[in-house]
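# Overview (structure and organization)
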Amino acid sequence: MQRRSQKTERRNACKLMGILMLGWLLRHSVVMWLLFHSLVLMTLCFHHAATSCSKRCYCSDSEGSFGGKTMRCSNLHLTEIPQDIPNDTRRLYLDYNLLTSIPANAFNDLPLLAELDLSHNELALLEPGAFRGLAGSLQFLDLSSNQLTTLDPDAFEGVRARSNLTGNPWHCDCRLQTALPRLDLEPVSLTGIICETSEPSDSGAQGVPFLLAKDLDLCVVLKKTTDVAMLVTMFGWFTMVISYLVYYVRHNQEDARRHLEYLKSLPSRQGKSEESSTISTVV
């Protein structure tokens, strides 16, 4: 009887432990399921936020095997670039708006962007790093019909896209001439830079495609100015040296004259000393 009671107690203890284990597993499995469900919802929300279309713009799937989105924000009177562009955008159209500048890192989160249309805006400034992150993807860049007068190579950072640069009031000067060789844009694209104004104004650059004017050197005036400045500086130093030499010679001449007068006075004193020495000898 005692053995049966011990076995019964063991069975009851095992059942109780099993029930406790089952309850623990059920509680934790519910918690784990809730956590997993929350994680899935968060992932879906982030994915939707990253791939949903920007407000007021129209999005569609890009044609071709590369996929991605085509986002059109044309003629919406935008004064700044939208911040909620989907990161899988492949074609972005921001033409016919009121953009005046492109800030740094404006498209840095768009690794698939291959075509960017910024034409017919009021763009006058491309800040350094404006197209950062697009060197490996961007194939076509439209900057036509804006207010650009010059180009900063630091704005492109290695972008090699085919570009449309026509319809801008380009100001051709030494700065632009120095910047062009540093640009990695397709050379044919640079033929769209036609000088509306130039410095100097009599260089004959107006109305000429700047890249094709091989004999045009707008840095000559700067070089001449530098040469003139060097000549003026050298003349100033030369004048100072001559003035110092004249002062030195005149000062030395005065000292020499005084020294000569002193030497002229020496023989008379020497004669008197010799006469006194002779008298003393006779005595």
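Bear in mind the structure is a predicted one, so any value in this text is a computation, not a measurement.

Residues Phe107, Leu118, Phe131, Leu143 and Phe156 are the most contacted members of the largest nonpolar core, which totals 45 residues. With residues up to four places along the chain from it excluded, the contact list for Leu143 reads Leu118, Leu123, Leu126, Phe131, Leu148, Phe156, Asn164, Leu165 and Asn168.

Glancing now at the pattern of salt bridges. Opposite charge on two side chains permits them to pair, given that their charged atoms come into close proximity. Following the criterion strictly, the structure yields 4 salt bridges and no others. Residue Asp88 pairs with Lys69 through a salt bridge whose shortest N-O separation is 3.4 Å. Placement of the pair is Asp88 in the loop between β2 (69-72) and β3 (89-93) and Lys69 in strand β2, with a sequence separation of 19 residues. In this structure, Asp88 and Lys69 share a single accessibility class: buried.

All right, on to the packing of aromatic side chains then. Counted under the stated rule, the structure contains 2 aromatic pairs. Judged by centre distance (6.2 Å) and plane angle (5°), the rings of Phe107 and Phe131 are stacked. Taken together, the positions of Phe107 in the loop between β4 (101-102) and β5 (115-117) and Phe131 in the loop between β6 (125-126) and β7 (140-142) put the pair 24 residues apart, joining distant regions of the chain. Overall, the relative accessible area of 0% leaves Phe131 in the buried class.

Along the polypeptide, Ser198 turns up in strand β10 (residues 195-198). Owing to a relative accessible area of 8%, Ser198 belongs among the buried residues under this scheme. There is a polar contact of 3.0 Å between the side chain of Ser198 and the backbone oxygen of Pro200. Looking at Ser198, its side chain comes within polar contact range of the side chain of Gln206, at 3.2 Å.

The next thing to look at is the state of the cysteines. In the structure shown here, the tally under the stated rule is 4 disulfides. Paired by a disulfide, Cys53 and Cys59 hold their sulfur atoms 2.1 Å apart. For the disulfide bridge between Cys53 and Cys59, the dihedral angle about the S-S bond is near 75°, and by the sign convention the bridge is right-handed. Covalent S-S linkage joins Cys57 and Cys73, the inter-sulfur distance amounting to 2.0 Å. Of note, the bridge from Cys57 to Cys73 carries an S-S torsion of about 115° and is right-handed in sense. Residue Cys57 is found in the loop between α1 (2-51) and β1 (58-61), and its partner Cys73 is found in the loop between β2 and β3; the two are separated by 16 residues along the sequence. For the pair Cys57 and Cys73, a shared accessibility class is recorded, and that class is buried. For the protein, the bonded cysteines pair up as 1-3, 2-4, 5-7, 6-8 when numbered in the order they occur along the sequence.

Now for the sheet that holds β5. Here we have 6 strands laid out as an open sheet, ordered β1-β2-β3-β5-β7-β8, and mixed in their pairing. The open sheet terminates on both sides in strands that have one partner only, identified here as β1 and β8 (162-164). Across the sheet, the mean angle separating the axes of adjacent strands is 15° when strand polarity is ignored. In the sheet, β3 pairs with β5 via 3 bridges, with the strands oriented parallel. Residue pairing for β5: Tyr93 is matched across the bridge by Asp117.

Averaged over all residues, the pLDDT of the protein is 77; the fraction at 70 or higher stands at 59%. Averaged over each element, pLDDT in the protein is lowest for α1 (53) and highest for β5 (98). Taken together, the stretch residues 222-228 has pLDDT below 50 and engages in 2 contacts with residues farther than four places along the chain or on a different chain. With pLDDT under 50 throughout, residues 278-283 is counted as low confidence; its partners more than four residues away or in other chains account for 0 contacts.

Geometrically, the link from Glu199 to Pro200 is a cis peptide bond, its omega value of 5° lying close to zero. With respect to the secondary-structure elements, Pro200 resides in the loop between β10 and α3 (220-282). The backbone phi angle of Asn105 is positive, close to 60°, even though this residue is not glycine. Look at Asn105 and you get partly exposed, because its relative accessible area is 37%.

A few words on the environment of Asp154. With respect to the element layout, Asp154 can be found in the loop between β7 and β8. Spatially, the C-alpha atom of Asp154 lies 8.3 Å from that of Ala130, the residues being 24 residues apart in sequence. With near-sequence residues (within four places) excluded, Asp154 lies in contact with Pro128, Gly129 and Arg182. Of the polar contacts made by the side chain of Asp154, one reaches the side chain of Arg182; its length is 3.5 Å.

Criteria and thresholds
- Residues numbered from 1 in each chain as written.
- Predicted model: local features only at pLDDT ≥ 70, side-chain atom pairs only at ≥ 80, totals over all residues.
- Heavy atoms only, no water.
- Core = buried A, V, L, I, M, F, W, Y, C linked by side-chain atoms within 4.5 Å.
- Buried < 20%, exposed > 50% of the residue type's maximum accessible area, 1.4 Å probe, protein only.
- Contact = heavy atoms within 4.5 Å.
- Salt bridge = Lys/Arg side-chain N within 4 Å of Asp/Glu carboxyl O.
- Helix = DSSP H or I, 4+ residues; strand = E, 2+ residues; numbered from the N terminus.
- Phe/Tyr/Trp six-rings, centres within 6.5 Å; stacked < 30°, edge-to-face > 60°.
- Polar contact = N/O pair within 3.5 Å; in protein donor to acceptor, adjacent residues only side chain to side chain.
- Disulfide = S-S within 2.5 Å.
- Pairing = 2+ DSSP bridges.
- Axes fitted to C-alpha atoms, helices over the stretch in contact; angles between N-to-C directions.
- pLDDT = per-residue confidence, 0-100.

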